[in-house]
Amino acid sequence: MEIEQTVMFLNYLFDGVFLADHDRSILFWNHSAEVISGYTSSEVVGRKCYDMILLHVNEKGENICNSSCPLKQTIKNKTATEMSLFLRHKQGHLIPVTIRTVPIFNDNGLHKFTMETFTKNNSVGNFDQVRELARKAFLDSLSGLPNKEYIDSKLSTLLASEAIGDSNILGLFFIHLDNLKQINNDYGIAAGNMSLKAMGKVLSDNIQEGDIIGRLEGGLFIMITRLDKKSLMLNWSNKLKSSIEKVIIPGHESLSMKICIGGIITPLGESLEDIYHILDEELKVSRDVPINVSVRGLK
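This text gives an overview of the structure that appears in the document. Model, not experiment: these values are computed from the prediction.

1. Considerations on the pattern of salt bridges
In total, this model carries 7 salt bridges according to the counting rule given. Between aspartate 140 and arginine 215 there is a salt bridge, with its nearest N and O atoms 3.0 Å apart. Remark: arginine 215 occurs in strand β7 (residues 212-217) and aspartate 140 occurs in the loop between α5 (127-138) and α6 (148-159); sequence separation between them is 75 residues. As far as the burial class goes, aspartate 140 and arginine 215 line up, both buried. Where aspartate 280 meets lysine 284, a salt bridge forms, and the shortest distance between an N and an O atom there is 4.0 Å. Here the residue aspartate 280 and the residue lysine 284 both occupy positions in helix α10 (residues 272-286), the gap between them amounting to 4 residues, near one helical turn. Of the residues examined, lysine 284 reaches a relative accessible area of 43% and is grouped as partly exposed. Ionic contacts of the salt-bridge type, sharing partners, join the residues Asp280, Glu281 and Lys284 into one network.

2. Concerning the side chain of threonine 114
Tracing the backbone shows threonine 114 in strand β5 (residues 111-120). Ignoring sequence-local partners within four residues, the contact set of threonine 114 consists of Phe18, Leu19, Ala20, Leu71, Thr74, Ile75, Val102, Pro103 and Ile104.

3. Some thoughts on helix α9 (residues 230-245)
In a regular helix each residue adds 1.5 Å, so 16 residues correspond to 22 Å; α9 covers 22 Å between its end C-alpha atoms and thus fits that length. Along α9, the positions that sit buried rather than exposed are Met233, Trp236, Ser237, Leu240, Lys241 and Ile244. One side of α9 carries all its buried residues, which in axial view fall inside an arc of 130°. Structural note: α9 exposes Asn235 and Lys239 on the side pointing more than 90 degrees away from its buried face.

Cut-offs and rules
Residues numbered from 1 in each chain as written. Predicted model: local features only at pLDDT ≥ 70, side-chain atom pairs only at ≥ 80, totals over all residues. Heavy atoms only, no water. Salt bridge = Lys/Arg side-chain N within 4 Å of Asp/Glu carboxyl O. Helix = DSSP H or I, 4+ residues; strand = E, 2+ residues; numbered from the N terminus. Buried < 20%, exposed > 50% of the residue type's maximum accessible area, 1.4 Å probe, protein only. Contact = heavy atoms within 4.5 Å. Expected span 1.5 Å × (residues − 1). Arc of directions from axis to C-beta.

In short, the description is geometric, and any link to function would need to be established separately.
Structure below.
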């Protein structure tokens, strides 16, 4: 059975349904999938299923998209799977669902593509558990800030927008604890973790309403800001750098943190990968400055 013959009746199902190829690229997304997930077909078709769309989470709050993904298992083993999981709605909350994945073969017995269905699991009544899973799924346990998965999703949505409020530009910072490796070597990993926690606290205390701060990995943090002028971003950066570098870690009074900050003011429409690459380049420059903010692509 070819995909054209299959999609004719899938839009009439109450279950969310999507079809994916062997690379987990989404080929089709039915109407119920739009209703349940909040994502339209045009937003997901052509993207990978693990590309921060649904974010399947198990009962422990662990993201399984890159580990025990049911679709990946079916593609590999050509056998159906069924799991009770949580998926992330476009607006960020988690929805309990039953996931079923099925291999689809053509008339010659060749595995052409794979179908996944997801149905709301109304038997899950412990909504405190759902909220706790949402917290675990999107929160960096060390710094207490939103994690990379949340930031990737949020930033991708913002970059794809035509405007944010009355603006079509976005301010972004990479903030890096540049001597984290040295701290770990000289004072121990516990001291390094304490430094990251302290840094996260200072960051969260110094953002404006509407700004978003998160930890991407290691000593690298990101800030999405409403600041839209280079002078304002430089002023904020200098204040933040001074605040973090004055922090004293209990029991390690001789420890000092070295902070580098790279920022950009950019028009919307860029890809997430390009933005991260540009911010990384700005951060490299900031190691000599050590604060660097660029305005790019604006008339």
